[in-house]
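Notes for the structure review
Chain residues, written in single-letter form:
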Amino acid sequence: MANVEASPVTLVDFANPLTEQSSTLTFNGVDYVSGNAVDGNFNSDLINGETCAHTETEGHPWWRLNLLESRCIAQVGIVNRRDGSYVRLAGAEVLVGGIQRRKRCGSPVSAESANIPGGMNLVICDPPIRGDEIVIHIPKDEATLQICEVLLWEVSTCG
Ligand SMILES: [Ca+2]
C-alpha cells in the first residue's frame, strides 16, 4: 500500500522581505509604506498604529512581496484595518507566481469578509501554488488597497 502523508501547512518565516506597492498614501506626514504589511506588527488601527500599508485611491492598486526563493504557497492571510473604510478590501485578489506567470489563489476577498474590522481575511490556494512572488491587488477602476499585515503559509511540495 502506498504510504500517503499529508504535507503539513507551516507559516512562512521570511527574512528581509522585499515589498513594493502601486502608490503610497501620505497622511498627516505619515507614509503608509508597503513594508508595513510585513513588519510583524498586527496593529490594525491604521491612523494610530502607523503599521499598515496603504495605496492612494487609484485604478487597480497592488501590493507585491518578493520572496527571493520559490515556495509552495497554501494560504495567505490579509489583516484588514479596523478603524474605518475596511470594506475597501472587498474584491482583493491574491496572485502567486513570478514575473512570467501568476495564478490566482482561491477566491477574491468577499464583501462579507472585508466588513469585519481588523479581520484576518484568509485566502486558501487549493491546490497550493508555487512561486517567488505574492501580489495582492484590487482589479477595479477606482480602489484603495490597505493591508495591515500579511501572513503566508506553505507546504513542502506542490502537487
Ligand atoms: Ca503591520
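What counts and how
Residues numbered from 1 in each chain as written. Predicted model: local features only at pLDDT ≥ 70, side-chain atom pairs only at ≥ 80, totals over all residues. UniProt positions renumbered as here; feature names shortened; annotations may be inferred. Helix = DSSP H or I, 4+ residues; strand = E, 2+ residues; numbered from the N terminus. Core = buried A, V, L, I, M, F, W, Y, C linked by C-beta atoms within 7 Å. Buried ≥ 20, exposed ≤ 12 C-beta atoms within 10 Å, placed from the backbone. Contact = placed C-beta atoms within 7 Å. Pairing = 2+ DSSP bridges.

- If you check an unreviewed UniProt entry, the chain appears there as Fucolectin tachylectin-4 pentraxin-1 domain-containing protein from Patiria miniata.
- What UniProt states about the chain under its Function (unreviewed entry) heading is, verbatim, "Acts as a defensive agent. Recognizes blood group fucosylated oligosaccharides including A, B, H and Lewis B-type antigens. Does not recognize Lewis A antigen and has low affinity for monovalent haptens."
- Per its UniProt entry, the chain bears the Subunit (unreviewed entry) comment "Homotrimer."

1. Overview of unusual backbone geometry
- Omega for the peptide link from Asp126 to Pro127 comes to 5°, which places this bond in the cis form.
- Along the chain, the position of Pro127 falls in strand β9 (residues 120-137).
- In the Ramachandran plot, Leu68 falls in the positive-phi region, its phi being about 70° despite a non-glycine side chain.
- The topology assignment puts Leu68 in strand β6 (residues 62-79).

2. Some details on the UniProt feature "domain: Fucolectin tachylectin-4 pentraxin-1" (unreviewed entry) in the chain
- Residues annotated in UniProt with the feature "domain: Fucolectin tachylectin-4 pentraxin-1" (unreviewed entry) correspond here to residues 14-156.
- Secondary structure over residues 14-156 splits into 6% helix and 45% strand, and the C-alpha atoms at its two ends are 15 Å apart.

3. Focus: the nonpolar core
- In terms of nonpolar packing, the biggest core is built from 36 residues, with Ile73, Val76, Ile78, Ile136 and Ile147 touching the most fellow members.
- Secondary-structure elements contributing two or more residues to this core are β6, β7 (93-97), β9 and β11 (149-155).
- Residues contacting Ile136, with those up to four places away along its chain left out, are Trp62, Trp63, Ile78, Ala92, Val94, Leu145 and Ile147.

4. Section: the environment of Asp31
- Considering the arrangement of structural elements, one finds Asp31 in strand β4 (residues 30-31).
- On the basis of neighbour counts, which here come to 13 C-beta atoms within 10 Å, the residue Asp31 falls in the partly exposed class.
- For Asp31, the residues in contact, after removing those within four places along its chain, are Thr24 and Thr26.

5. Focus on the pairing of β7
- Burial along β7 is one-sided: Val94 and Val96 are buried, while Glu93, Leu95 and Gly97, pointing the other way, are not.
- As defined by bridge partners, β7 adjoins β9 across five bridges and the pair is classed as antiparallel. Bridge pairing in β9 places Val96 opposite Ile134.
- The pairing of β7 with strand β8 (residues 102-105) spans four bridges and is classified as antiparallel.

6. Some points on the environment of Ser85
- With respect to the element layout, Ser85 can be found in the loop between β6 and β7.
- The partly exposed category is assigned to Ser85, around which 13 C-beta atoms lie within 10 Å.
- When the C-alpha atoms of Ser85 and Leu46 are compared, they prove to be 10 Å apart, with 39 residues separating the residues in sequence.

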